[in-house]
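Examination of the molecular architecture
Residues per chain, in single letters:
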Amino acid sequence: MSLTAQALVAAAKQQITEIDVATAQTRLSSLLLDVREPAEYAAGHLPGAVNIPRGLLEFKIDSHPDFQGRQQADIVVYCQTGGRSALATQVLNQMGYSGAVSMAGGFKAWTESGLSVE
């Protein structure tokens, strides 16, 4: 039986911790990981966020200086609407990044709340 992208995201959300935008705003001192594509990131992102696209995450996270040796760090993961970040958070948790959480609603919810972007 094959699964749709929506089913994969729904399954991931059952296994991860999601936080809302208000909670994410209180965690701006955490590592912020934007898993959108570089063009999306360049168009605007959360202040101080690091961009590692979802498709490269497993290959790049361990070698990125902000994340090396930080498996226990608090990491807020976000994408455009919350699907890619749910999948990314699931993978990060599997890779030992136990403090990774996904921001529900993603960048869209952040900007719709009127919060600052770079």
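Here's what I pulled together on the structure shown here. All figures in this text were calculated on a predicted structure; none of them were measured in a lab.

Moving on, we come to the nonpolar core. Formed by 16 residues in total, the largest nonpolar core has its most connected members in Leu 33, Ile 61, Phe 67, Ile 75, Val 77 and Leu 92. Broken down by secondary-structure element, the contributors of at least two residues to this core are strand 2 (31-34), strand 4 (75-78) and helix 5 (83-94). Core analysis: the next-biggest nonpolar cluster, separate from the first, contains 15 residues, Val 21, Leu 46, Ala 49 and Met 103 among them.

The residue Ser 30 is located in the loop between helix 2 (21-25) and strand 2 in this model. When near neighbours in sequence (up to four residues on either side) are disregarded, Ser 30 contacts Asp 74 and Val 76.

A few words now on helix 5. Between the first and last C-alpha of helix 5 there are 17 Å, a value that for 12 residues agrees with the 16 Å anticipated at 1.5 Å per step. Looking at helix 5, one finds that the buried residues are Gly 83, Ser 85, Ala 86, Ala 88, Thr 89, Gln 90, Val 91 and Leu 92. In this fold, the buried residues of helix 5 make contact with helix 1 (5-13), strand 2, helix 4 (57-60), strand 4 and strand 5 (100-103). Looking at the residues trailing helix 5, positive phi occurs at Gly 96, about 100°.

Pairing is parallel across the open sheet formed by five strands, whose spatial order is 1-5-4-2-3. Where the open sheet ends on each side, the last strands, each with one partner, are strand 1 (18-19) and strand 3 (50-51). Bridge count between strand 2 and strand 4: four bridges; the pairing is parallel. Within strand 4, the position partnered with Asp 34 by the bridge is Tyr 78. Sheet strands touched by helix 5: strand 2, strand 4 and strand 5. Its angle to strand 5, the strand with the most contacts, is close to 175°.

A cluster of nonpolar residues, Met 1, Leu 3 and Leu 8, forms a patch on the protein surface that exposes about 390 Å² of accessible area. Within the secondary structure layout, Leu 8 lies in helix 1.

Residues Ile 75 and Val 77 of strand 4 are buried on one face, and the alternating residues Val 76 and Tyr 78, pointing to the opposite face, are buried as well. Bridging between strand 4 and strand 5 involves three bridges; their strand directions are parallel. Each bridged residue has a counterpart across the sheet, and for Ile 75 the counterpart in strand 5 is Ala 100. Tracing the backbone out of strand 4, into helix 5 and back to the parallel element strand 5 gives a crossover that is right-handed.

Scanning the entire structure with this criterion turns up one aromatic pair. For the ring pair Tyr 78 and Phe 107, a centre distance of 6.4 Å and an interplane angle of 25° mean the geometry is stacked. In this pair, Tyr 78 sits in strand 4 while Phe 107 sits in helix 6 (residues 106-112), placing the two residues 29 residues apart along the sequence. Note on accessibility: Tyr 78 and Phe 107 belong to one class, buried. A cation over a ring is seen here: Arg 36 above Phe 107, with NZ or CZ 4.3 Å from the ring centre.

Parameters at a glance
Residues numbered from 1 in each chain as written. Predicted model: local features only at pLDDT ≥ 70, side-chain atom pairs only at ≥ 80, totals over all residues. Heavy atoms only, no water. Core = buried A, V, L, I, M, F, W, Y, C linked by side-chain atoms within 4.5 Å. Buried < 20%, exposed > 50% of the residue type's maximum accessible area, 1.4 Å probe, protein only. Helix = DSSP H or I, 4+ residues; strand = E, 2+ residues; numbered from the N terminus. Contact = heavy atoms within 4.5 Å. Expected span 1.5 Å × (residues − 1). Pairing = 2+ DSSP bridges. Axes fitted to C-alpha atoms, helices over the stretch in contact; angles between N-to-C directions. Patch = residues over 30% accessible without salt bridge, like charges linked within 9 Å, V, L, I, M, F, W, Y side chains within 5 Å. Areas by Shrake-Rupley, 256 points an atom, 1.4 Å probe, with all protein chains shown as cover. Salt bridge = Lys/Arg side-chain N within 4 Å of Asp/Glu carboxyl O. Right-handed = clockwise from strand over helix to strand, strands pointing away. Phe/Tyr/Trp six-rings, centres within 6.5 Å; stacked < 30°, edge-to-face > 60°. Lys NZ or Arg CZ within 6 Å of the ring centre and 35° of its normal.

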